[in-house]
Structure formats: C-alpha cells, structure tokens
Amino acid sequence: MKNLSSWLIAMFAFMFWAFRVMATVMYSLGSEFVAVPDNMTMEIVLLFVTFICICFIAKRNLLSACIYLAAHGLYYGYYLYQNIMSIVSGAGSMDSYLSLLIALVGVIIPLAAFFDVLLDKNRKAHPVDKQTDWFYKNKEFDREVDERADRNQYRTM
C-alpha cells in the first residue's frame, strides 16, 4: 500500500465497518441509532467477513477483495435495489433515503477496493525491495568468473 488512494480506501472501509458494528451493537441493545440493520444474522456474519477481508486487502490480496466485493454486493445490493424501488414508487420515507445512502456506500467502498487492488501495478508482477534489488537485479555488480576462479592456487608461507 504505497498510494494515498489505497490508504484512503482502507481507512474508509474500516470506518464504515466500525459504523456498522456500532449500529449492530446499538440495535441489539434496543437503542435507536442512525441506521438499523436489516438482517441481524447476516449483518454479524458480514462484519466478521469484512474485518478479515480488510486486513488482507491491506496486504494487496486479490481474493480477499473479490470476497469483500461479493459479500457486500449481495447484502447491500439487495437493499440498494429495494430502497430505489420504494423511492421510485413514491412510498419512500426519510428512513428509506438513509438506507439508500448506507447501501450505496456499502457497495461503492468494496468496488473501489476491488479496482484498487486489481489495478495495482506493483502487487505481484514487480515486488520491489529497495534494500537488495540494487545488488541482485543489477548486472553491473555480477562478478566476472575466469579460469582461475575455481582453483585455489595461493601459496602459504
């Protein structure tokens, strides 16, 4: 994670995860919060999957980005569609607009993380270690071997 965009996406993903944890905890305690989880069981499973995926996205793992996108796309995509249809039909309230915004953020952040990991040029093709690459990947420092290199013909007196 060498780019500012990668750090920002990971930070927004973690902040959205913390927001959903807070919403889930407050809902389970019976208090009102800004957002209410739509499906409590799936929300808890999604929170655990999301935390693991965010940790591996920071390591630039493409599989975790795919899992993160698929899980959030399936969960929040359904509620995104449902809220859009309720707003279009005219039955939308302030809660449906808020749920639409949360579902939209829940789909945009994983999509951004997926494309960030997918389009990262240095992920697997060119891993760079500046401490050793100057020596091992540079032909100038290769030792020239001649016919005397194999025979140890030094005299000891």
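Caption draft 1: Representation of unusual backbone geometry. In this structure, arginine 60 takes a positive phi of about 70 degrees despite not being glycine. Along the chain, arginine 60 turns up in the loop between helix 2 (40–58) and helix 3 (62–88).

Caption draft 2: Seen up close, the pattern of salt bridges. Across all of its chains, the model carries three salt bridges by this definition. We note a salt bridge from arginine 20 to glutamate 43, for which the minimum N-O separation is 2.9 Å. You can see arginine 20 sitting in helix 1 (residues 4–29) and its partner glutamate 43 sitting in helix 2, a full 23 residues away along the chain. Accessibility assignment for this pair places arginine 20 and glutamate 43 in one class, buried. Ionic pairing is found between arginine 60 and aspartate 116, a salt bridge with its closest N-O pair at 3.0 Å. In this pair, arginine 60 sits in the loop between helix 2 and helix 3 while aspartate 116 sits in helix 4 (residues 94–118), placing the two residues 56 residues apart along the sequence. Considered together, arginine 60 and aspartate 116 belong to a single accessibility category, that of buried residues. Several salt bridges converge on common partners, so that one network encompasses Arg60, Asp116 and Asp120.

Caption draft 3: Quick look at helix 3. An ideal rise of 1.5 Å per residue puts 39 Å on 27 residues; helix 3 measures up with 36 Å between its terminal C-alpha atoms. Taking the largest bend as the criterion, helix 3 deviates by roughly 30 degrees, centred on glycine 73. Within helix 3 the residues assigned to the buried category are Ser64, Ala65, Tyr68, His72, Tyr75, Tyr76, Tyr79, Leu80 and Asn83. Structurally, helix 3 contributes buried residues whose contacts are with helix 1, helix 2 and helix 4. In the segment just after helix 3, glycine 90 is the residue with positive phi, at about 95 degrees.

Caption draft 4: How the structure looks around the packing of helix 3 against helix 4. Following both chains from N to C, one finds helix 3 and helix 4 inclined at 155 degrees, their axes separated by 8 Å at the closest point. Taken as axis vectors, helix 3 and helix 4 run roughly antiparallel relative to one another. Here helix 3 and helix 4 pass one another in a crossing that is left-handed. Residue composition of the contact of helix 3 with helix 4, grouped by class: 22 nonpolar, seven polar and no charged.

Caption draft 5: How the structure looks around the nonpolar core. Counting 23 residues, the largest nonpolar core has Ile57, Tyr68 and Tyr76 as its most contacted members. At the level of secondary structure, the elements contributing two or more residues to this core comprise helix 1, helix 2, helix 3 and helix 4. Looking at this core element by element, the count peaks at seven residues for helix 4. Residues within four places of tyrosine 68 in sequence aside, it is in contact with Ala13, Thr50, Cys53, Ile54, Ile57, Ile109, Pro110 and Ala113.

Caption draft 6: Structural view of a nonpolar patch on the surface. A grouping of Leu4, Trp7, Leu8, Met11, Phe12 and Met15 is seen on the molecular surface, where their side chains present a nonpolar patch of about 640 Å² in accessible area. Secondary-structure assignment places leucine 4 in helix 1. The exposure class assigned to leucine 4 is exposed, which follows from its relative accessible area of 63%.

Caption draft 7: The arrangement of the side chain of threonine 24 in detail. Among the secondary structure elements, threonine 24 is positioned in helix 1. For threonine 24, a relative accessible area of 6% corresponds to the buried category. If we ignore the near neighbours within four places in the chain, the residues touching threonine 24 are Pro37, Met40, Glu43, Ile44 and Leu47.

Caption draft 8: Quick look at helix 4. For helix 4, spanning 25 residues, the distance from its first C-alpha to its last is 36 Å, which sits close to the expected 36 Å at 1.5 Å a residue. The complete set of buried residues in helix 4 reads Ser96, Leu100, Ile102, Ala103, Gly106, Ile109, Pro110, Ala113, Phe114, Asp116 and Val117. Looking at the buried residues of helix 4, the elements they touch are helix 1, helix 2 and helix 3.

Parameters and conventions
Residues numbered from 1 in each chain as written. Predicted model: local features only at pLDDT ≥ 70, side-chain atom pairs only at ≥ 80, totals over all residues. Heavy atoms only, no water. Helix = DSSP H or I, 4+ residues; strand = E, 2+ residues; numbered from the N terminus. Salt bridge = Lys/Arg side-chain N within 4 Å of Asp/Glu carboxyl O. Buried < 20%, exposed > 50% of the residue type's maximum accessible area, 1.4 Å probe, protein only. Expected span 1.5 Å × (residues − 1). Bend = angle between axes of the 7 residues up to and from the residue. Contact = heavy atoms within 4.5 Å. Axes fitted to C-alpha atoms, helices over the stretch in contact; angles between N-to-C directions. Parallel < 35°, antiparallel > 145°, perpendicular 65-115°, else oblique. Left-handed = near helix turned anticlockwise from the far one by under 90°. Nonpolar A, V, L, I, M, F, W, Y, C, P; charged D, E, K, R; others polar. Core = buried A, V, L, I, M, F, W, Y, C linked by side-chain atoms within 4.5 Å. Patch = residues over 30% accessible without salt bridge, like charges linked within 9 Å, V, L, I, M, F, W, Y side chains within 5 Å. Areas by Shrake-Rupley, 256 points an atom, 1.4 Å probe, with all protein chains shown as cover.

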